[in-house]
Structure formats: structure tokens, C-alpha cells
Amino acid sequence: MHKITLKIKRDIIAFWLTHDYLRRIGKRYPEYFNKMINDLTDNKNCRKGMLLRYTGEPLKFEAIAFEMNTDVRNVFSYHKKVIDLIISNS
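Residues numbered from 1 in each chain as written. Predicted model: local features only at pLDDT ≥ 70, side-chain atom pairs only at ≥ 80, totals over all residues. Heavy atoms only, no water.

1. Considerations on the pattern of salt bridges
Any two side chains of opposite charge can pair, given that their charged atoms come close. Taken as a whole, this structure holds 8 salt bridges when the rule is applied. Close ionic contact of D39 with K35 constitutes a salt bridge, the shortest N to O distance being 2.8 Å. Here D39 pairs with K35, and both are found in helix α2 (residues 30–40), just 4 residues apart, close to one helical turn. With its nearest N and O atoms 2.9 Å apart, the salt bridge here joins K80 to D84. Pair noted here: K80 and D84 are both in helix α5 (residues 72–89), with a separation of 4 residues, about one helical turn. Here the salt bridges do not stand alone but share partners, grouping K7, R10, D11, K80 and D84 into one network. (Salt bridge = Lys/Arg side-chain N within 4 Å of Asp/Glu carboxyl O. Helix = DSSP H or I, 4+ residues; strand = E, 2+ residues; numbered from the N terminus.)

In C-alpha cells form, the structure reads like this:
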């Protein structure tokens with residue numbers, strides 16, 4: 001398959017994960033979501049960012065950056081790492 005086709009597929013899956021699946025799982029099943037994220041990564045910043053983004057009262061990336069006392073670019077990076085792990089492990 002062409003690289004462009006693979007990138008498009010990855011982008012579609014990432015969009016679905018972030019705009020539907022993770023929001024739904026984090027809101028309805030926070031314990032399962034927490035376990036899923038803990039099983040995916042050992043990075044505490046990635047874990048915390050994902051939990052703040054998708055469980056409880058979901059926060060925007062800027063609020064997460066403020067909460068974690070870091071730059072928004074770092075939060076985006078942590079988020080992307082976890083999304084990439086989810087896609088590559090499926």
C-alpha cells in the first residue's frame with residue numbers, strides 16, 4: 001500500500017479515537033480507561049494528560065498544560081504518543 005494511503009488510514013483512525021471512542025470510554029468507564037492507559041505506557045505525563053483529557057470533566061489541552069505545569073506542545077506530544085501506541089497495538 002502507498003504511504004499516503006497508510007497515513008490517511010492512520011489519520012482517520014486517530015480522528016475516530018479522539019473524537020468518539022476515547023471520549024465515550026473515558027466518560028462511561030473511567031476505571032477501564034485508566035487501566036487501558038496504564039497498560040499502554042509507563043510515562044506518567046502521558047497517563048496524566050490522557051486522564052485529564054478524557055475522564056471526569058474533560059479538559060482542553062491548554063488547561064491540561066496549566067494543570068501539569070508544562071507547555072501545550074508537550075501535552076500535544078504526550079497525547080500523540082498514546083494515540084500512536086493505541087493504533088500500533090491494535
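Still to come is the rest of the account.
2. Concerning the packing of aromatic side chains
Throughout the structure, instances matching the rule amount to 3 aromatic pairs. Aromatic side chains F61 and F76 sit 4.6 Å apart centroid to centroid with 45° between the ring planes, which places their arrangement in the tilted category. Of the two residues, F61 sits in helix α4 (residues 61–68) while F76 sits in helix α5, which places them 15 residues apart along the sequence. Directly above the aromatic system of Y54 lies the positively charged group of R53, at a separation of 6.0 Å from the ring centroid. The side chain of R53 reaches across the aromatic face of F61, ending 4.2 Å from its centre. (Phe/Tyr/Trp six-rings, centres within 6.5 Å; stacked < 30°, edge-to-face > 60°. Lys NZ or Arg CZ within 6 Å of the ring centre and 35° of its normal.)

3. Remarks on the side chain of T41
By the secondary structure assignment, T41 is in the loop between α2 and α3 (44–54). Under the relative-accessibility criterion, T41 is labelled buried at 10%. The residues touching T41, leaving out its near neighbours within four places in the chain, are C46, R47, V82 and L85. (Buried < 20%, exposed > 50% of the residue type's maximum accessible area, 1.4 Å probe, protein only. Contact = heavy atoms within 4.5 Å.)

4. Considering the environment of I13
Structurally, the position occupied by I13 is in helix α1 (residues 3–28). On the basis of relative accessible area, I13 is assigned to the partly exposed category, the value being 38%. Expressed as a C-alpha distance, the spacing of I13 and I87, which sit 74 residues apart in the sequence, is 7.5 Å.

These figures capture arrangement, not role.
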